[in-house]
Amino acid sequence: MKFSAIAITIASIASVDAFAPAFGVKSELVCLSAKHVQNKAARKAAHNRPKKSRPSDINRTRKVYAFESMPKPPEITEVEGSGN
């Protein structure tokens, strides 16, 4: 009985050491994998777009469409004879 109690105590101390933080470990030994983050899809696509280098491209303005030229249809049409 006494031997098993001592064996269990030694085993528990050994297992606790495995999960305890190590003292005296230098920060140089820590591996940091991501030094330069990779651009993801949208950011990479925006980065690789052609640049506006010509003055005609740089000074181009938006095209303005006249919406008054397209008449809007009525939202509700009343039909005679549909009864309750």
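Structure: see above.
Residues numbered from 1 in each chain as written. Predicted model: local features only at pLDDT ≥ 70, side-chain atom pairs only at ≥ 80, totals over all residues. Heavy atoms only, no water.

S.K.: Would you explain the overall build of the protein chain in this entry?
M.R.: The number of helices and strands found in the protein chain is three helices and zero strands. The N-to-C order of helical and strand elements in the protein chain reads α-α-α. Put simply, the protein chain has 84 residues, and 1% of those count as buried. Working note: accessible area of the protein chain is about 9500 Å², and carbon and sulfur atoms make up 61% of it. (Helix = DSSP H or I, 4+ residues; strand = E, 2+ residues; numbered from the N terminus. Buried < 20%, exposed > 50% of the residue type's maximum accessible area, 1.4 Å probe, protein only. Areas by Shrake-Rupley, 256 points an atom, 1.4 Å probe, with all protein chains shown as cover.)

S.K.: Please clarify how the pattern of salt bridges should be interpreted in this entry.
M.R.: Taken as a whole and judged by the stated rule, the model has two salt bridges. The shortest N-O distance in the salt bridge between Asp-57 and Arg-60 comes to 3.0 Å. We classify Arg-60 as exposed; its relative accessible area is 58%. (Salt bridge = Lys/Arg side-chain N within 4 Å of Asp/Glu carboxyl O.)

S.K.: Would you mind going over the environment of Asp-57 with me for this structure?
M.R.: Considering the arrangement of structural elements, one finds Asp-57 in helix α3 (residues 55-58). Within the structure, the side chain of Asp-57 is placed 3.0 Å from the side chain of Arg-60, a separation counted as a polar contact. (Polar contact = N/O pair within 3.5 Å; in protein donor to acceptor, adjacent residues only side chain to side chain.)

S.K.: Would you take a moment to explain a nonpolar patch on the surface for this structure?
M.R.: On the surface, Tyr-65, Phe-67 and Met-70 cluster together into a nonpolar patch covering about 410 Å² of accessible area. Tracing the sequence through the fold places Met-70 in the segment after α3. (Patch = residues over 30% accessible without salt bridge, like charges linked within 9 Å, V, L, I, M, F, W, Y side chains within 5 Å.)

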